[in-house]
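Here's the letter readout for the chains.
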Amino acid sequence: MSATTGSPASGATRGGGIARLLRVKRPGRLAAEAAALLIAVAVAFPLYWMVLSAFKPAGEIQSTDARPWTLSPSLDSFRRVFEQQDFGRYFLNSLLVAGTVVVLSALVAFLAATAVTRFRFKFRTTLLIMFLVAQMVPVEALTIPLFFLMRDFGQLNTLGSLILPHLAFSLPFAIWMLRGFVKAVPEALEEAAYIDGASRTRFLWQILFPLVFPGLVATSVFSFITTWNDFLFAKSFIISDTSQSTLPMALLVFFKPDENDWGGIMAASTVMTIPVLVFFVLVQRRLVSGLGGAVKD
């Protein structure tokens, strides 16, 4: 039997079977790669058109013969954006609001995820389900109640009226996602740290925090993007004090009753996209490992 198993004929049969299997899989792989390429093009094309329109002169933007290129790029649209009054203040306000939400949501979510994972207490499961339910409520449905809440707290026309709602909306997702990272850390590691004399605080910040840091990065990207691009809360809660407005509100200047300045709109949108791209490039390695850990959980 051993001679039959190791015979050249059986080896050739196995080799032919592998070759047939590869030939069967190859068309499917090519189709998947083609589909992925088409999806990437569909996603990237609006971004390309936005940047292209930002560099087009006014005559080409208003022309009925739209072309996916320009032979005479211009910086006039960007010049109008940066010459806009208080544009720098809007940019700093957006940076302050987004940065504060990212830091606070990461800190609170880390502590909360550790609590619901490591400790056993009453209504723990109910609390986790409430986190999921909170994600299902549309933001538009809560805008009016939040407006009255901010009014009663005296937070209208302040950056706090933007920080608090975004912090509340980003925490459920962050806690639920970080829960998997905290759960993946063996309890034996925590016991070993206690045996070696480490306190609970030292284990929390010097051992557990670095291990779940990729998950914190992944949730921070979500918090940063949603806060940075927010227009609904900025329009609803910043009513009279324009010095507290954020960058998306700067786009309203280019929407005019007679004719919209599409070059300025596209240039301002391009400027708004740059910080998001920079933030993504800085954390991309951690983001990949964080999303991989979340999927594995």
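Residues numbered from 1 in each chain as written. Predicted model: local features only at pLDDT ≥ 70, side-chain atom pairs only at ≥ 80, totals over all residues. Heavy atoms only, no water.

Asks: Can you explain the overall build of the protein chain? Please cite residues and give values.
Replies: In terms of regular secondary structure, the protein chain is built from 13 helices and 0 strands. Each helix (α) and strand (β) of the protein chain, taken in turn from the N terminus, gives the series α-α-α-α-α-α-α-α-α-α-α-α-α. Taken over 297 residues, the protein chain has a buried fraction of 36%. Long-range contacts, defined here as pairs at least 24 residues apart, represent 72% of the contacts in the protein chain between residues at least 6 apart. By element, 68% of the accessible surface of the protein chain is carried by carbon and sulfur atoms, the whole surface being about 18000 Å². (Helix = DSSP H or I, 4+ residues; strand = E, 2+ residues; numbered from the N terminus. Buried < 20%, exposed > 50% of the residue type's maximum accessible area, 1.4 Å probe, protein only. Contact = heavy atoms within 4.5 Å. Areas by Shrake-Rupley, 256 points an atom, 1.4 Å probe, with all protein chains shown as cover.)

Asks: Explain the UniProt feature "transmembrane region" (unreviewed entry) in the protein chain to me, and be specific about the residues and the numbers.
Replies: Mapped onto the present numbering, the UniProt feature "transmembrane region" (unreviewed entry) falls at residues 30-51, 90-115, 127-150, 162-182, 203-225 and 262-283. In residues 162-182, helix accounts for 100% and strand for 0%; the two terminal C-alpha atoms are 29 Å from one another. Along residues 203-225, the helical share is 100% and the strand share 0%, with 31 Å between the first and last C-alpha atoms. (UniProt positions renumbered as here; feature names shortened; annotations may be inferred.)

Asks: Run through the nonpolar core, naming residues and quoting values.
Replies: The biggest cluster of nonpolar side chains holds 24 residues, and the ones touching the most others in it are Ala109, Phe110, Leu178, Leu208 and Val212. Going through the elements one at a time, helix H5 (87-118), helix H6 (124-136), helix H8 (160-184) and helix H10 (200-228) are the ones with two or more residues in this core. Counting residues per element, this core draws most heavily on H8, at 8 residues. Look past the residues within four positions of Leu208 in its chain and what remains in contact with it is Phe110, Thr114, Val182, Val185 and Phe203. Counting residues in hydrophobic clusters, the runner-up holds 23 residues, among them Val221, Phe224, Met272 and Val283. (Core = buried A, V, L, I, M, F, W, Y, C linked by side-chain atoms within 4.5 Å.)

Asks: Could you give me a rundown of the layout of surface pockets, with the residues and numbers involved?
Replies: Roughly 220 Å³ of volume is contained in the largest pocket. For the largest pocket, the lining is made up of 13 residues, of which Val139, His166, Phe169, Phe222 and Thr226 are closest to its centre. Counting only elements with at least two residues in the lining of the largest pocket, the list comes to H6, helix H7 (139-152), H8, H10 and helix H11 (232-237). Of the residues forming the lining of the largest pocket, the biggest block, 3 residues, is contributed by H8. Residue composition of the lining of the largest pocket, grouped by class: 7 nonpolar, 4 polar and 2 charged. The volume enclosed by the second largest pocket comes to roughly 150 Å³. Forming the boundary of the second largest pocket are Val116, Thr117, Arg118, Arg120, Arg124, Thr125, Leu128, Arg179, Lys183, Val185 and Glu187. If you list the elements that add at least two residues to the lining of the second largest pocket, you get H5, H6 and H8. Of the residues assigned to the lining of the second largest pocket, the class counts are 3 nonpolar, 2 polar and 6 charged. (1 Å grid on protein atoms, 1.4 Å probe; cavity = no way out; pocket = protein on both sides within 12 Å on 5 of 7 lines; lining within 4 Å. Points joined across faces, edges and corners; volume = space filled by probe spheres on them. Nonpolar A, V, L, I, M, F, W, Y, C, P; charged D, E, K, R; others polar.)

Asks: Report on the environment of Phe148, specifying residues and quantitative values.
Replies: The residue Phe148 is located in helix H7 in this model. Accessibility expressed as a relative area gives 39% for Phe148, which makes it partly exposed. With 89 residues separating them in the primary sequence, Phe148 and Phe237 have C-alpha atoms 9.6 Å apart.

Asks: Talk me through the packing of H6 against H8; I want residue IDs and the actual numbers.
Replies: Axis angle and axis distance: for two packed helices, these are the angle between their axes and the distance between the axes, and together they describe the pair. For the pair H6 and H8, the least separation of the axes is 9 Å and the interaxial angle reads 130 degrees. As judged from the angle between their axes, H6 and H8 are oblique. The chirality of how H6 crosses H8 is left-handed. On the side of H6, the interface is formed by Leu128, Phe131, Leu132, Ala134 and Gln135, while H8 contributes Phe169, Pro172, Phe173, Ile175, Trp176 and Arg179. Among the residues making up the contact of H6 with H8, the classes are represented as 9 nonpolar, 1 polar and 1 charged. (Axes fitted to C-alpha atoms, helices over the stretch in contact; angles between N-to-C directions. Parallel < 35°, antiparallel > 145°, perpendicular 65-115°, else oblique. Left-handed = near helix turned anticlockwise from the far one by under 90°.)

Asks: Describe empty space enclosed by the protein, with residues and values.
Replies: Tallied over the full model, the rule gives 1 cavity of 30 Å³ or more. Empty space within the largest cavity amounts to approximately 50 Å³. Looking at the largest cavity, the residues that line it are Ser94, Val97, Ala98, Leu162, His166, Thr227, Trp228, Asp230 and Thr246. For the lining of the largest cavity, the secondary structure elements donating two or more residues are H5, H8 and H10. Take the lining of the largest cavity: its biggest share by element is 3 residues, from H5. Residue composition of the lining of the largest cavity, by class: 4 nonpolar, 4 polar and 1 charged.

Asks: Got a sec to walk through H8? Specific residues and values, please.
Replies: For H8, built from 25 residues, the straight-helix expectation of 36 Å at 1.5 Å per residue is met to within 8% by its first-to-last C-alpha distance of 35 Å. Of all the bends in H8, the greatest reaches close to 30 degrees and is centred on Leu171; the proline Pro172 follows between one and four positions later. (Expected span 1.5 Å × (residues − 1). Bend = angle between axes of the 7 residues up to and from the residue.)

Asks: Explain the side chain of Ser243 residue by residue, including any values.
Replies: As for its position among the elements, Ser243 is in the loop between H11 and helix H12 (247-250). Leave out the neighbours within four places in its chain, and Ser243 touches Arg89 and Asn93.

Asks: Tell me about the pattern of salt bridges, and name the residues and values.
Replies: In the structure shown here, the tally under the stated rule is 6 salt bridges. Taking the shortest distance from any N to any O, the salt bridge between Glu33 and Arg29 comes out at 3.4 Å. With Glu33 and Arg29 both in helix H2 (residues 8-55) and 4 residues apart, this pair spans about one turn of that helix. Take Glu33: its relative accessible area is 43%, and that puts it in the partly exposed class. With relative accessibility at 58%, the residue Arg29 sits in the exposed group. As a salt-bridge pair, Asp152 and Arg151 come within 3.6 Å of each other at their nearest N and O atoms. Through salt bridges with shared partners, one network takes in Arg118, Glu190 and Arg200. (Salt bridge = Lys/Arg side-chain N within 4 Å of Asp/Glu carboxyl O.)

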